[in-house]
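A structural walkthrough
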Amino acid sequence: MRMSSFKKYFQVAKTSWSGGFVYRLNFVMWRVRNVVQLIAIYFLWFAVMSRNSTAFNYTTAQMLTYILGTSLIRALVFGQRSIDAQNEIGSGDLNNYLVKPIGYFKYWFSRDIADKLLNILFSIGEIAILLIWLRPEIYLQTNPLMLAGFLLASLLAMVMYFYFSFLVSMTTFWIPEENGWPQRFLIFVVLEFFSGGLFPLDILPPAVYAVIGKLPSAYFLNAPLQIYLGRFSATEMASTLLMMVIWIAVLRITANWTFRKGLKIYGAYGR
Amino acid sequence: MADKLKRLRIYWKIWWTSSILSVESSLENRLGVIFLLSGKIVRFVFFIFFLVVINRQVQQIAGYSLNQMITFFLMFNLLDLFGQLFFRGIYWFRDQVVTGEFDFKLTKPVSPLFQALTRHTDILDLPLLVATVIFLFRQGITLTTAQSMIFLITLISGMVIVTAIHIAVAALGVMTTEVDHTIMIYRDLSMMARVPVDVYTDSVRALLTFVIPIAVAYTLPAKSLLGLVTLPTVILALAISALALTLSLRLWHYALTQYSSASS
């Protein structure tokens, strides 16, 4: 990316960051929702683990770290503004971008970065408060290799989800009803379960995990946290990271192809 | 009395007509219906599967067996779907306040609160509601007459609280023009009752019982179905639901005095 181009998208991210502070009440209430969801699932797992120091091959510290960790990784991976792309496709507002010297994907990715930073900042604060309040047993990873793998996996998951979510948004070209919300809702529900948001996926029966563990959704939350908890060997970690890179390539090519195909049938409804 | 019956018939007719229109409008987008309905069913099935997975290694959660946990989840669904099915109109209420469309509701000879809450009946929640009732019957729970009465009272008090919360959200909507996040925070809080509130700490439980009485609305009917509720608790539930309804109605009437009709 050239310097001038970088500046352009940096400005988009900066504007988006400022926008986050304009609708402060909205943002705070959004974060309150996240905390409520986290507390609900945390206490459920706390109750499950309270009578067993080890269950599902997890210690209490590992399980609670996994659940609290999902909040942080959620902010990085699932925090996004680009979900609005489906509204723009459905309402015809996409026109505004087609006549501007701006890449649609890069535009939304820049806005997503700003949104993720804002969400991560709040998420760190929320987790700190919860740690002080609940004083849970926490698993601290000290192996530098695993920590580096965790960071890299988290960043790769973020990019993977961006393309995945964009693909969902682009279904609005073909199914524009309610600006693509019905299909997005179904995907949300499935993702919540298959990404490991409620529990680590490897507690599922082995036959089920063998299938679900291979889906792209398993890399969004489950894989980074499994690496953090040291449940992957170095070889498994390397193959997981490699798979994530392959998935990014596949999703990116598919998203670009779908966008081009979608533009051909785009009717700018509502304009 | 005759006047009241006549008023009731008018309200029934309005609700019935708007429900038929809602159904027709929902069914216009058939593919959307399939996606939304699938999402609701998948979410329901996944959570039960999740409880079953936990039960493979942990026999009891907070002292409850798998079957009891499923009963709590089914009762949560029953009351949640009651709110979703009948009071879906709240999700469109913000637009009415912001655009000033609410002015027209105020001029009609029908309660504006009734119009705000029941504007849309979500037919898509009906199949899951029926399924939930069937599953509850299949739980094979037997109750004595006294226990059945207690269950009915706690169920009605739960429905009253759910209604009261929707009224309070509508009132806050008039005062602050903020509805979407408020109702979603309520939905998230109510999700905490997918499992018995006994899993939470005392402070969280107190919050869910006395501040936003989710526990009274969702957990108590389930406990009464399991025969775990005593008479004093039923009286407390009745008092809390009556108080919640009274306060929410007062808040609504106060909110109407604050309505600025800004955009009209």
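Just so we're clear, the structure is a prediction, and the values are computed from it rather than from any experiment.

A separate point is the overall build of chain B. Along chain B, the regular secondary structure elements total twelve helices and zero strands. Counting from the amino terminus, helix and strand elements in chain B follow one another as α-α-α-α-α-α-α-α-α-α-α-α. Taking 2.2 N^0.38 as the reference for a compact globule, 264 residues should give roughly 18 Å; the C-alpha atoms of chain B span a radius of gyration of 19 Å, in line with that estimate. By residue count, 40% of the 264 residues in chain B fall in the buried class. In chain B, 80% of the contacts between residues at least 6 apart in sequence involve partners at least 24 apart.

Secondary structure summary: chain A contains eleven helices and two strands in total. Taken from the N to the C terminus, the helices and strands of chain A come in the order α-α-β-β-α-α-α-α-α-α-α-α-α. Taking 2.2 N^0.38 as the reference for a compact globule, 271 residues should give roughly 18 Å; the C-alpha atoms of chain A span a radius of gyration of 20 Å, in line with that estimate. Along the three orthogonal principal directions, the C-alpha set of chain A runs to about 60 × 40 × 40 Å. Evaluated residue by residue, chain A yields a buried proportion of 40% over its 271 residues. If you take every contact in chain A between residues at least 6 apart in sequence, the share linking residues at least 24 apart comes to 81%.

Turning to the packing of helix α1 (residues 3-22) of chain A against helix α6 (residues 104-134) of chain A, a few remarks are in order. All names here are of chain A. Direction vectors running N to C along α1 and α6 enclose 45°, while the axes themselves pass 8 Å from each other. Classified by the angle between their axes, α1 and α6 sit oblique to one another. Of the two elements, α1 crosses α6, and the hand of that crossing is right-handed. Note on element contacts: α6 touches α1 through Lys-106, Tyr-107, Ser-110, Arg-111, Ile-113, Ala-114, Asp-115, Leu-117 and Leu-118, opposite Tyr-9, Val-12, Ala-13, Ser-16, Trp-17 and Gly-20. For the contact of α1 with α6, the per-class residue count stands at nine nonpolar, three polar and three charged.

This part is about the interface of chain A and chain B. On the chain B side, the residues contacting the 31 residues of chain A number 29 residues. Of all the secondary structure elements, the ones that give two or more residues to the side of chain A that touches chain B are α2 (24-50) and α8 (181-194) of chain A. The leading source of residues in the side of chain A that touches chain B is α2 of chain A, at 14 residues. Within the side of chain A that touches chain B, the residues separate by chemical class into 24 nonpolar, four polar and three charged.

Grouped together as the largest cluster of nonpolar side chains are 129 residues, with contacts concentrated most on Ala-157 and Met-160 of chain A together with Ala-170 of chain B. A total of 15 residues in this core trace back to one element, the largest contributor, which is helix α8 (residues 145-176) of chain B. Sequence-distant contacts of Ala-170 of chain B, that is, excluding residues within four places in its chain, are made with Ile-90, Phe-93, Leu-113, Ala-116, Leu-117 and Trp-252 of chain B.

Turning our eyes to something else, we now look at the confidence of the model for chain B. Averaged over every residue, the pLDDT of chain B is 92; the share at 70 or more is 99%. Two numbers describe this predicted complex: its pTM, 0.90, and its ipTM, 0.89.

In this section: helix α11 (residues 214-225) of chain B. Residue and element names in this part refer to chain B. With twelve residues, α11 extends 17 Å from end C-alpha to end C-alpha; this agrees with the ideal 16 Å at 1.5 Å per step. Of all twelve residues in α11, twelve are buried, a share of seventy percent or more. Buried within α11 are the following residues: Ile-214, Ala-215, Val-216, Ala-217, Tyr-218, Thr-219, Leu-220, Pro-221, Ala-222, Lys-223, Ser-224 and Leu-225. Those residues of α11 hidden inside the fold are in contact with α3 (66-86), α8, α9 (180-191), α10 (202-211) and α12 (231-258). Just past α11, the residue Gly-227 takes up positive phi, approximately 70°.

With that out of the way, let us pick up the environment of Leu-81 of chain B. Residues and elements named next belong to chain B. Note on placement: Leu-81 falls in helix α3. Once the C-alpha coordinates of Leu-81 and Arg-56 are considered, the two residues, 25 residues apart in sequence, prove to be 29 Å apart. Not counting residues within four places of it along the chain, the set of residues in contact with Leu-81 comprises Asp-125, Leu-128, Leu-129 and Thr-132.

Here we come to the confidence of the model for chain A. With 99% of its residues at a pLDDT of 70 or more, chain A shows a mean pLDDT of 92. The weakest mean pLDDT in chain A belongs to α1 of chain A at 86; the strongest belongs to helix α10 (residues 222-228) of chain A at 97.

Geometry of a packed helix pair, given as the angle between the helix axes and the separation of the axes. Viewed as axis vectors pointing N to C, α2 of chain A and α9 of chain B meet at an angle of 5°, and their least axial separation amounts to 9 Å. By the criterion of interaxial angle, the relationship of α2 of chain A to α9 of chain B is roughly parallel. Listed contacts from α9 of chain B to Asn-26, Met-29, Trp-30, Val-32, Arg-33, Val-36, Gln-37 and Ala-40 of chain A of α2 of chain A are His-181, Met-184, Ile-185, Asp-188, Leu-189 and Met-191 of chain B. Classifying every residue of the contact of α2 of chain A with α9 of chain B gives nine nonpolar, three polar and two charged.

This part covers unusual backbone geometry. Residues and elements named next belong to chain A. Despite not being glycine, Phe-56 shows a phi value in the positive range, around 55°. Position of Phe-56 among the secondary structure elements: in the loop between β1 (54-55) and β2 (58-59). We classify Phe-56 as partly exposed; it has 19 C-beta atoms within 10 Å. Non-glycine residue Asn-57 carries a positive phi angle of around 70°.

The rules we used
- Residues numbered from 1 in each chain as written.
- Chains lettered and ligands numbered in written order.
- Predicted model: local features only at pLDDT ≥ 70, side-chain atom pairs only at ≥ 80, totals over all residues.
- Helix = DSSP H or I, 4+ residues; strand = E, 2+ residues; numbered from the N terminus.
- Rg over C-alpha atoms; globule rule 2.2 N^0.38 Å.
- Buried ≥ 20, exposed ≤ 12 C-beta atoms within 10 Å, placed from the backbone.
- Contact = placed C-beta atoms within 7 Å.
- Axes fitted to C-alpha atoms, helices over the stretch in contact; angles between N-to-C directions.
- Parallel < 35°, antiparallel > 145°, perpendicular 65-115°, else oblique.
- Left-handed = near helix turned anticlockwise from the far one by under 90°.
- Nonpolar A, V, L, I, M, F, W, Y, C, P; charged D, E, K, R; others polar.
- Core = buried A, V, L, I, M, F, W, Y, C linked by C-beta atoms within 7 Å.
- pLDDT = per-residue confidence, 0-100.
- Expected span 1.5 Å × (residues − 1).

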